[in-house]
Amino acid sequence: MSETATGRGWAEQDVRRELHSELLEINMGPQHPATHGVLRLLVRTDGEIVHGVTAHIGYLHRCAEKIAEGCDWRQWMVYTDRFDYLAPINMNFGYAVAVERMLGVQVPERAEHIRVICAELQRIASHLIAIGTFGLDMGAWTPLLYCFREREEILNILERLTGGRMLYNYFDIGGLRFDAYEGFERDVLDFVNIMEQKIPEYDTLLSYNKIFIERTADVGVIDVATCRAYGCTGPVLRGAGVPFDCRKDDPYSIYDRFEFDIPYGEGEQGTVGDCWDRYMVRMREMYESCRIIRQAVDALPGGPVKAEDLKKLVKVPQGSLYTRTESSKGEIGYHIFADGGSKPFRTKVRSPSFSNLHVIEKVGPGMMLSDLVATVGSLDIVLGEIDR
Amino acid sequence: MEATAIHALLQSRFGDAVLDYVDSYEKGSLVAAGRVGEIATFLRDDATLGFESLMSLTGLDWDGYDATGKGKSVDILGYDELGRPETSDRVGDGDLGVAYALYSPRHGHKHTLFVRVPRAAPEVASVAAVWPTAEWHEREAWDLVGIRFAGHPDLRRILLDDAWEGHPLRKDYAMPGAWQGVPLDGRDYAAGKWTEADVTLPDDVKRPEDAKLPDTGNQG
Amino acid sequence: MQVMTELFARIFGDGLSPVGLLVAGGLTMALVMSLVMALCAIVFTWAERKVAGFIQSRYGPMRVGRWHGVLQPVADMVKILGKEDIIPRDADKRLFQLAPFVIFVGSLMAWAAIPFAPGFIAADLDLGLFYIFAVSSAASIGILMAGWASNNKWSLYGAVRGVAQGVSYEIPLALACIPVVMITGSLNMNDIVIAQQGGIWRWHFLHDPFLFVSFLLYFVASIAEVNRGPFDLPETESELVAGYHTEYTGMRFAFFFLAEYANLFLVSCIATAVFLGGWQPVFGPVFLPGLVFVTKAVLLVLLQMWLRWTLPRLRVDQLMHVCWKVMVPLALVCVLGAGIWMLATGQAG
Amino acid sequence: MSQYLRNIYDAVASALKGMGITAKHVVRKPVTLQYPDERWVLPSRFKGFIINDTNLCDGCLRCAKVCPVDCIYIETTGKGKDRFMHRYAVDYNKCIWCGLCTEECPTFACQHSLDYDHALYDRKRLVYEFVDPAHPVPCHKERRLQMGFFVEQVAAAPPDPDKIAKAPRRADLPEAAPGADGGKEDERGR
């Protein structure tokens, strides 16, 4: 067994030398309840204290970027669904925005509004899972079921809208595949009203529970410098106290028309950038999403949902562009290289969880095993997006 | 700062190492592969530039990228009746490349660095020491495109198995028929000769007309 | 035991010698106790799922046995008995096979001193309470055996956590009972219950504020003692997969399961006898004592389930913190306070 | 010391509050659907297994071409008026329910059904054949009219109501009258 990096905090009480003991190498995953998918963390522990973490990924690799080279521009939208299967619409959105920017297509107003509504609904759905499974990592079963109950309502709306419950394939380049059904606005508003009542319930049950605070506050602190260096985005970066959100700071679609705040971690229960802050950022973002949905529904115009001047077989003029949008996990970027043909020449997907997970190798050493579980849970990773 | 100004600044600082200004949908500079490391350090540390954030690092194979804009993504000879491409088994040529999408959170400007390396010796200086996030992105570029990063702390395959052969995102990559005894092409259940015994006409499918009112009460 | 021996004496008359009576009565009582234990485990698995279900906006088992899946535990038992008994190749076979029974026996032995009704007690020991705490600690040995013998790192983690927790929480558990022993002046379970005669105000948990705190401490410590949420550290399904019984299948796993629910009921029974008046009704004369006792215990079990499905889990160091820095000092304060209270109110002999 | 007591108080108080929330849910009606006794009623847009109405299909191959996973198999013989479709098969081993084929189909022959629960023991049975080779489907417009198959009409002349009734509706189909489809959505109870 090799010597590993010296940890901090707990690891300082190192009695291994006296006892002539070794570090225990233990595999967390690929089949482990706390790794949220087929992630394998190779953990070196000394009792309960973690001395080193190595992440092994790729169990879900499908090489979607290679598939892209054989699909045409529209077809590949289907595969973007499969990256973050908890927030496919946000993945669709990024790709649609990227290609539309390169094509210079103007998306109809109605389509833009429906897109925003869907994306925010999806963001709430994804955050609900993040919060629920985070609670589950802490041993609280019940919030998970409550979160899933609310998520079902979102899925019902999206099912009526798109026909799918998990993978929607609803966005199209230059608009949407089809228009919203009658009564869509009312369904959405009904849901938003209910959702806003439920969030305080989660707060009482989980967020401000003393045990939960003890488990998450001051645990897994990721500061701003680490976030920048490791490319962490989304709730992880905002939890570190930076109110950065692509919807505001690098606006796309029609987000610049809506009024909403960017929640960020303030160290309310402990240090800025701890698990509780990241958790709470998601909780508060759900409120903000509800606000955006209300405004978008109010402003929902009529009209077509597809750009008129777009051919069935899209050909993107030569060139490259990196486009980023804000998914529920962070910044989803598509670096697209087009050669003028009907197929993408090279499409690189910069997925938020990929970078967010990387940071675990940095912050992992020095914490307790339970804290590692908490930190992985608070990063809210989705393996479909990491492995692509 | 404007991209042209950033490019000019880089050119004045590094001279020959900055090869060309890239004016595409995104603006950037083409730089020499061996000196990416120091250019990256400068880009990050210079107060007026402040590129603290590496948004994305892309490895790519320029093989078949037609400068006239009429090229084909992959070497496709033609399509069969169902639109499935028939590709040639030609060995690829053309450069490999890396693209770095940079963003400065302090100043809010973006810049993209491009690097081209010959296919025979694809080696680029690593920027993992400048932006730690590049560590995994570079491993991915090595894994999928086969670009070596000099000075990378731990250049292993990341997404594919350690024993995998070849780099799938190269344009001339041929999919192996089997790997460690496991066939990879999948079984084509529909390909067999059609016989009477296979008739499975679905008779009990429900049509969209049968859709009834979804009853979803929100449980208040 | 008296009930049984009397019953046998009535049936056989003089046909049995006193020793024979004792043996026959003892064996019957052991059989009855094992059956009660198995039955309560079966009922509580069902109850747990229903409680969890309704708390979580769902139904729980609904399909087996028409009404709310009442026969689900039976179906589970049939399934679990039909499972293959797998022993990992590199496991320490002897220990691996023995561990579930050690846990089970430890819990079964403790049942001997529980007074369900006047005279209905398997062993009316003078050191009843002491005996219960002594034998129920055997479970820790079983947990360590299971975790070690599995030859699985996660199981070992679970076992070490389980033993540390079990050993630590014995102390506040026992300390919380000391004020009661001081008041009644006896460790005999029957005497403790009889001392609480005369309505709810005579029950020990309402005797004085210190005893009330003692009761709460006992309740919390008992949850930790039986390794249930929010103190289910040895099993933490999100960290240790399943803890010390990860590698167990079939019947051996069923024994762990059985022991868990039997222990759950056991600690509630002790709480009932020691703090909640045992078979004494809320008011009025003694009426259906067995039923009263079981009702109180079941209510406590439901309370434990309610807690489990509400709260997140503690971390290992926090668990120890709660034990040694919160509960043990508080329990000591309660012992002291109860003593002062007795002196002040002139109850001290 | 005050912090110590405060922590104990917080722990007990927040646990009790949480227990209040969970207790409230015990008396609420559960949301579970007792599948398979109760079934979710699917919306008309639901993406179920794909079915092809051979009465409408004229073998134009568009669905097969647009399919990203090549799961649609069409075999035709002949040319012009004598072009007949002998096989239209969908391999559900491959299908990813993206819905591109149904969107592409000009005659609305290729449609999503409302079926989703097909559990089979044999993967070969997941290849669905829609055309009986004994009765190949004509592809040319005139031949189709001749043999009584559906032909897409020009917008000016409204199609035969019988034929349209047979044709499965899609939600974004212009003919789908708001009364017929939207009305259903309206009545959805909340």
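Residues numbered from 1 in each chain as written. Chains lettered and ligands numbered in written order. Predicted model: local features only at pLDDT ≥ 70, side-chain atom pairs only at ≥ 80, totals over all residues. Heavy atoms only, no water.

## What about the overall build of chain C?
A tally of helices and strands in chain C yields twelve helices and zero strands. Ordered by position from the N terminus, the helices and strands of chain C form the series α-α-α-α-α-α-α-α-α-α-α-α. On C-alpha atoms alone, chain C measures out to a radius of gyration of 21 Å, which is about the 20 Å that the 2.2 N^0.38 rule sets for 349 residues. Expressed along its principal axes, the backbone C-alpha trace of chain C runs to roughly 60 × 60 × 40 Å. Across the 349 residues of chain C, 54% fall into the buried class. Summarising the internal contacts of chain C: among those between residues at least 6 apart in sequence, 75% fall at separations of at least 24. Of the accessible surface of chain C, which amounts to about 14700 Å², a share of 73% is contributed by carbon and sulfur atoms. Here chain C contributes 21 positive and 21 negative side-chain charges, whose respective centroids are spaced 9 Å apart. (Helix = DSSP H or I, 4+ residues; strand = E, 2+ residues; numbered from the N terminus. Rg over C-alpha atoms; globule rule 2.2 N^0.38 Å. Buried < 20%, exposed > 50% of the residue type's maximum accessible area, 1.4 Å probe, protein only. Contact = heavy atoms within 4.5 Å. Areas by Shrake-Rupley, 256 points an atom, 1.4 Å probe, with all protein chains shown as cover. Lys, Arg positive; Asp, Glu negative; His and termini not counted. Charge placed at Lys NZ, Arg CZ, Asp CG, Glu CD.)

## Some details on the overall build of chain D
Assigned secondary structure in chain D consists of six helices and six strands. Traced from its N-terminal end to its C-terminal end, chain D shows the element sequence α-β-α-β-β-α-β-β-β-α-α-α. Long-range contacts, defined as pairs at least 24 residues apart, comprise 71% of the intrachain contacts of chain D with a sequence gap of at least 6. Just so you have it, chain D exposes about 9700 Å², and 57% of that area is on carbon and sulfur atoms.

## Structural notes on the side chain of E150(A)
Positionally, E150(A) belongs in helix α6 (residues 142-162). When sequence neighbours within four positions are dropped, the list of residues in contact with E150(A) reads L128(A), F191(A), M195(A), K198(A) and Y202(A).

## Section: the state of the cysteines
Every disulfide links exactly two cysteines, by a covalent bond between their sulfur atoms. Summed over the entire model, instances satisfying the criterion amount to zero disulfides over all chains. Between C67(D), a free cysteine, and C71(D), which holds the nearest cysteine sulfur, the sulfur-to-sulfur gap is 3.7 Å. (Disulfide = S-S within 2.5 Å.)

## Describing helix α4 (residues 88-103) of chain A
Residue and element names in this part refer to chain A. For α4, built from 16 residues, the straight-helix expectation of 22 Å at 1.5 Å per residue is met to within 8% by its first-to-last C-alpha distance of 22 Å. The buried count for α4 comes to 14 of 16 residues, which makes it a mostly enclosed element. Positive backbone phi, approximately 70°, marks G104, located one or two places after α4. (Expected span 1.5 Å × (residues − 1).)

## Things to note about the environment of R49(C)
Residue and element names in this part refer to chain C. Note on placement: R49 falls in helix α2 (residues 18-55). Of the residues examined, R49 reaches a relative accessible area of 34% and is grouped as partly exposed. Residues R49 and D191 lie 142 residues apart in sequence; the distance between their C-alpha atoms is 36 Å. Excluding residues that lie within four positions of it along the chain, R49 makes contacts with G60, P61, Q72 and D76.

## Digging into the interface of chain A and chain C
Listed per partner, the contact involves 35 residues of chain A and 24 residues of chain C. Between chain A and chain C lies a buried interface of about 2600 Å² when both sides are counted; carbon and sulfur atoms form 59% of it. Inspection of the chain A/chain C interface yields two salt bridges. The residue D371(A) makes a salt bridge to R315(C) at a minimum N-O spacing of 2.8 Å. For the interface between chain A and chain C, the tally reads 14 residue pairs in polar contact (both at pLDDT 80 or more). Looking at the side of chain A that touches chain C, the elements with two or more residues in it are β1 (24-28), α5 (109-137), α6, α7 (184-207), α8 (210-216) and α15 (369-379) of chain A. A per-element tally of the side of chain A that touches chain C places β1(A) first, with five residues. (Buried area = accessible area lost by both parts, 1.4 Å probe. Salt bridge = Lys/Arg side-chain N within 4 Å of Asp/Glu carboxyl O. Polar contact = N/O pair within 3.5 Å; in protein donor to acceptor, adjacent residues only side chain to side chain.)

## Some details on the sheet that holds strand β1 (residues 18-23) of chain B
Residues and elements named next belong to chain B. Judged by pairing direction, the sheet is mixed, and its five strands sit side by side in the order β1-β2-β7-β6-β3 without closing on themselves. Two strands in the sheet have a free side with no partner beyond their single neighbour: β1 and β3 (53-61). Across this sheet, the average inter-strand angle for adjacent strands is 20°, counted without regard to direction. With five bridges connecting them, β1 and strand β2 (residues 27-31) associate as antiparallel partners. Looking across to β2, one finds that D20 is bridged to L30. Across the sheet, helix α1 (residues 3-14) is in contact with β1, β2 and β7 (110-117); its angle to β1 comes to roughly 175°. Most of the contacts of helix α2 (residues 36-45) go to β7, to which it runs at about 175°, and overall it touches β2, β6 (96-103) and β7. (Pairing = 2+ DSSP bridges. Axes fitted to C-alpha atoms, helices over the stretch in contact; angles between N-to-C directions.)

## A few points about the side chain of H152(B)
Residues and elements named next belong to chain B. Position of H152 relative to the elements: it lies in the loop between β9 (148-150) and β10 (178-179). When its relative accessible area of 10% is taken as the criterion, H152 is described as buried. A polar side-chain atom of H152 sits 2.9 Å from the main-chain carbonyl oxygen of E135. Here D154 takes part through its backbone nitrogen, which lies 2.9 Å from a polar atom of the side chain of H152. For H152, the residues in contact, after removing those within four places along its chain, are S126, A128, E135, E138 and R139.

## Digging into the packing of aromatic side chains
Where two aromatic rings form a pair, the distance of their centres and the angle of their planes describe that pair. Residue and element names in this part refer to chain C. A full pass over the atoms with the stated rule returns 42 aromatic pairs over all chains. For the ring pair F44 and F265, a centre distance of 5.2 Å and an interplane angle of 55° mean the geometry is tilted. With a gap of 221 residues between them, F44 in helix α2 and F265 in helix α10 (residues 250-274) connect regions that are remote in the sequence. Taken as a pair, F44 and F265 share a single burial class, namely buried. (Phe/Tyr/Trp six-rings, centres within 6.5 Å; stacked < 30°, edge-to-face > 60°.)

## A few points about the interface of chain B and chain A
Chain B puts 56 residues into the contact, and the matching count from chain A is 51 residues. Both faces considered, chain B and chain A share a buried interface measuring about 4500 Å² in area, 54% of it formed by carbon and sulfur atoms. In terms of surface lost to chain A, no three residues of chain B exceed Y25(B), W136(B) and L159(B), which account for 19% of the buried area on that side. Our enumeration of links across chain B and chain A arrives at three salt bridges. Measuring nitrogen to oxygen at the nearest pair gives 3.3 Å for the salt bridge that ties E140(B) to K348(A). Summed over the shared surface of chain B and chain A, the number is 19 residue pairs in polar contact (both at pLDDT 80 or more). Elements supplying a minimum of two residues to the side of chain B that touches chain A: β3, β4 (76-79), β6, β7 and α3 (134-144) of chain B. Top element by residues in the side of chain B that touches chain A is β3(B). It accounts for seven residues. A per-class count over the side of chain B that touches chain A returns 27 nonpolar, 16 polar and 13 charged. (Nonpolar A, V, L, I, M, F, W, Y, C, P; charged D, E, K, R; others polar.)

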